[in-house]
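Structure assessment
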Amino acid sequence: FSAQLAAIPAVPVRAEGQKVPVRSLDGFYDLKYSSVTSRSQRDSLGGYIALDIETAGLKATDAILEVSAVLFSDFVPQSIFTSLVRPSGSIPASATQVNGITDDMVASAPYFWQILPDLQAFVGSRPLVGHNLPFDLKFLYRRGFDVQPRQKLYDTLEISQRHLKKANDSGTNDWDVLDHKLETVCKYYEIYIDGAHRSASDAFATGLLFAHLV
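Residues numbered from 1 in each chain as written. Predicted model: local features only at pLDDT ≥ 70, side-chain atom pairs only at ≥ 80, totals over all residues. Heavy atoms only, no water.

Let us look at unusual backbone geometry. Even without being a glycine, Asp74 presents a positive backbone phi close to 55 degrees. Secondary-structure assignment places Asp74 in the loop between strand 2 (64-73) and strand 3 (76-84). Positive phi values are uncommon outside glycine, yet Phe75 reaches one of about 70 degrees. By the secondary structure assignment, Phe75 is in the loop between strand 2 and strand 3. (Helix = DSSP H or I, 4+ residues; strand = E, 2+ residues; numbered from the N terminus.)

Structure below.
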């Protein structure tokens, strides 16, 4: 996994964006998410951006610490946009315990608004894939990231919940996964993540997972 991830060509991150105002989430909740069904055409789903962010907390007002997006074509990774992000304050110890990102690591990193134009250009209007994608998008949307009109949004968490059976307390063996966490569902498909809870690893894993779910 690590070797495959390291082999994906990284695009330059110029950090030349201008500061933009933080906005409310009013329009965010109007976003529509797409499903994958037995009627979906597999060949039409192979081009997408797998996205993941690391944050300082669970609220959209908490800082973004890292963002990664992997471009897939025909379900094969082609390039990656990845950058640490400097928060306006110190990183809580609870966040560092989860993702391992420290204040020293982000001290010289760009602010999110500086990399926003390059991220927006890299994603474009391509379909977006994420595990619990609404969580990631609410942080990005609040900071000026725009979802394009008719842009397809695929949440692998929702797709997994729809198509894989979760273990329950009934005592039966009629289940696929213990839960629908990214690492759990990836393991079901024999995707073994190195560096979980870092955005590049999780974005890459999510892109591979989407291919299996499709």
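Counted according to the given criterion, the structure contains eleven aromatic pairs. Taking the centre distance of 5.8 Å and the plane angle of 55 degrees together, the rings of Phe28 and Tyr141 count as tilted. Taken together, the residues Phe28 in the loop between helix 1 (2-6) and strand 1 (48-55) and Tyr141 in helix 5 (residues 133-142) connect sequence positions 113 residues apart. Here the aromatic rings of Phe81 and Phe122 are separated by 6.0 Å at their centres, their planes lie at 35 degrees, and the arrangement is tilted. On the criterion of sequence distance, the pair formed by Phe81 in strand 3 and Phe122 in helix 4 (residues 112-123) is long-range, its members being 41 residues apart. Each residue in the set Tyr48, Phe72, Phe75, Tyr154 and Phe210 is aromatic and connected to the rest through ring pairs, giving one cluster. When the ring centre of Tyr141 is taken as reference, the NZ or CZ atom of Arg23 above it lies at 4.0 Å. (Phe/Tyr/Trp six-rings, centres within 6.5 Å; stacked < 30°, edge-to-face > 60°. Lys NZ or Arg CZ within 6 Å of the ring centre and 35° of its normal.)

Let us look at the pattern of salt bridges. All chains considered together, the criterion is met by five salt bridges. For Arg162, the salt bridge is made with Glu158, and the minimal N-O distance between the two is 2.8 Å. In this pair, Arg162 and Glu158 are both assigned in helix 6 (residues 156-163), four residues apart and thus about one turn of the helix distant. Its salt-bridge partner being Lys165, residue Asp174 comes within 3.1 Å of it at the nearest N-O pair. (Salt bridge = Lys/Arg side-chain N within 4 Å of Asp/Glu carboxyl O.)

Ranked by internal contacts, the top residues of the largest apolar core, which has 30 residues, are Phe1 and Phe204. Looking at this core, the elements that each hand over two or more residues are strand 1, strand 2, helix 7 (182-188) and helix 8 (199-213). With nine residues, helix 8 is the largest single contributor of residues to this core. The contacts of Phe1, once residues within four sequence positions are left out, are Ile191, Tyr192, Ile193, Asp194, Ser201, Phe204, Ala205 and Leu208. (Core = buried A, V, L, I, M, F, W, Y, C linked by side-chain atoms within 4.5 Å. Buried < 20%, exposed > 50% of the residue type's maximum accessible area, 1.4 Å probe, protein only. Contact = heavy atoms within 4.5 Å.)

Glancing now at the pairing of strand 2. Taking burial as the measure, the ten residues of strand 2 include nine buried ones, the bulk of the element. Strand direction decides the pairing type here: strand 1 and strand 2, joined by eight bridges, are antiparallel. Considered in strand 2, the bridge of Ile49 is made with Leu71. Relative to strand 3, strand 2 is paired through eight bridges, and the arrangement is antiparallel. (Pairing = 2+ DSSP bridges.)

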